[in-house]
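Chain by chain, the residues run as shown.
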Protein chains: 2
Amino acid sequence: MPDRATGGQALLFLTDEQLRRGIEAMFFAYRGFTADPDRILAERDLGRAHHRALHFVARSPGLTVGRLLLLLGVTKQSLNRVLRRLVQDGLVEAQVGREDRRERHLHLTEAGAALERALSDAQRERMRAAFRAAGPAAVQGFRQVLEAMMDPELRRLFEEERDRPAREGRTGR
Amino acid sequence: MPDRATGGQALLFLTDEQLRRGIEAMFFAYRGFTADPDRILAERDLGRAHHRALHFVARSPGLTVGRLLLLLGVTKQSLNRVLRRLVQDGLVEAQVGREDRRERHLHLTEAGAALERALSDAQRERMRAAFRAAGPAAVQGFRQVLEAMMDPELRRLFEEERDRPAREGRTGR
DNA sequence: TTGGAATGTCAACGAGGCTGACTTATCCTC
DNA sequence: GAGGATAAGTCAGCCTCGTTGACATTCCAA
């Protein structure tokens, strides 16, 4: 419980009405957040699911299918459909692990990297505009609230991937 | 207050890496944000779409289908399926408009209000915890960034619904 | 008074979640 | 080196919730 120092705001920021506003802000903002990439994806007949996979593969080249599964929080059957399409379209390559040959390490191809860049440029541009409009202090608050809103295991994954040790590199080069 | 003290941060908060972190935070937080209601909905074989409709009907009793369509940003055919189910389950009532008989004005029934309350309690509880953990200043920043991230028309809707004039009341009582 | 605009409904399709059952390949332990 | 555990992939089938297309009803303005 916040004490007197923070005054009126401290009393207001947890009212049901304020919380409802926060909930709706989350809903509307998420729509905006996905709108730009969705347009690009539609041109190539891909969906949001493909974007998510591309994003994480781009962020962590060489990550395994199993790890991607954890990050995305879907079933392997569901991911498999997405991944198969990405490989077919020549956007992602799956390489047999060198240490553990059961694993498949995922990398973007040139084309995959290009698409991922286009998607993430669009999304970053919107995020950048929002960050710029709101200012550094607001950005700090934004992230604090979002992190507090995650499920604990997700937060762990989120933080853990920040500065991760090198993964298995490409072999076929 | 951000002055010289925040120096480095001000330079950092727009780097690609920072933006990527923001993007992922958004993704993971949205998962957390919907997790609790999803569990409750699953028990009654309802989905997220039903939750969204219930939310807006609860917030603005008597709103028309057309207006709800704007808020949700889906096709009327898609909304119709959801609404039909809600009416069948006795959670929502649709009343023919008195002034314009083409319109349908939506209200929650007792049961609908109870379910909506359960859902929104769960979601508010998580939001409250996040707000409390992050503090009032962070909440302010959180909302600033989210609002800046919305599409302009959505932001207009978001702000406009804040304090709206009375809508058509229930007739069949 | 009639034709266009607004509103709402029905039907059918597709993406992408899900469960369940299973195979294959590989690893690791005893 | 046999046998269980683990990583990945597959097939089948289901459900939700998006989509488009066609159509009915109601209102209002020419």
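Residues numbered from 1 in each chain as written. Chains lettered and ligands numbered in written order. Predicted model: local features only at pLDDT ≥ 70, side-chain atom pairs only at ≥ 80, totals over all residues. Heavy atoms only, no water.

1. Quick notes on the protein's contact with DNA strand D
The condition is simple: Here a residue is near a molecule or strand as soon as one of its heavy atoms is found within 4 Å of it. Any pair of nitrogen or oxygen atoms within 3.5 Å is treated as a polar contact; in protein, a donor-acceptor pairing is required on top of that, and neighbouring residues in sequence qualify only through side-chain atoms on both sides. By the criteria applied, helices consist of DSSP H or I runs no shorter than four residues and strands consist of E runs no shorter than two, each listed in order from the N terminus. Classification used: nonpolar for Ala, Val, Leu, Ile, Met, Phe, Trp, Tyr, Cys and Pro, charged for Asp, Glu, Lys and Arg, polar for all others including Gly.
Close contacts around DNA strand D come from 23 residues, with Gly66 and Lys76 of chain A together with Arg48, Arg52 and Arg81 of chain B the closest. Near the protein, meaning within 4 Å, the atoms of DNA strand D are sugar or phosphate in a fraction of 52%, with bases accounting for the rest. Contacts to DNA strand D include Val65 of chain A, whose backbone N or O atom sits 3.3 Å from a phosphate oxygen. One of the side-chain N or O atoms of Asn80 of chain A is found 2.9 Å from a phosphate oxygen in DNA strand D. Looking at the surface near DNA strand D, the elements with two or more residues in it are helix 4 (65–72) and helix 5 (76–88) of chain A together with helix 3 (48–59) and helix 5 (76–88) of chain B. By residue class, the composition of the surface near DNA strand D is three nonpolar, nine polar and 11 charged.

2. Regarding the relation of the copies chain B and chain A
This is how it is decided: Superposing copies: least-squares fit, C-alpha atoms only, residues required to have pLDDT of at least 70 in both. Any two residues whose heavy atoms approach within 4.5 Å at even a single point are treated as in contact.
For the match of chain B to chain A, the screw axis carries a shift of 0.1 Å, the RMSD comes to 0.2 Å, and the turn is 180°. The symmetry that links the two subunits is that of a two-fold axis. Across chain B, the smallest distance between a C-alpha and the rotation axis is recorded for Phe142 of chain B, namely 1.8 Å. By residue overlap, the copies meet face to face through one surface: 97% of the interface positions of chain B are interface positions in chain A.

3. Focus on the interface of chain B and chain A
Quick reminder of the rule: When two parts are put together, the accessible area they lose, computed with a 1.4 Å probe and summed over both, is reported as buried area. A pairing counts as a salt bridge when a side-chain nitrogen of Lys or Arg comes within 4 Å of a carboxyl oxygen of Asp or Glu.
Listed as interface residues are 60 residues of chain B and, on the opposing side, 60 residues of chain A. Summed over both partners, the interface of chain B with chain A comes to about 6600 Å²; 71% of that surface belongs to carbon and sulfur atoms. Across the chain B-chain A interface, the total number found is nine salt bridges. One salt bridge in this structure joins Arg128 of chain A and Asp16 of chain B, with 4.0 Å as the shortest N-O distance. Our count for the chain B to chain A interface comes out at 18 residue pairs in polar contact (both at pLDDT 80 or more). Taken together, the elements giving at least two residues each to the side of chain B that touches chain A come down to helix 1 (7–12), helix 2 (16–43), helix 3, helix 4 (65–72), helix 6 (110–134), helix 7 (136–149) and helix 8 (152–160) of chain B. Broken down by element, the side of chain B that touches chain A gets its largest block of residues, 18 residues, from helix 2 of chain B.

So yeah, pure geometry; function would need other evidence.
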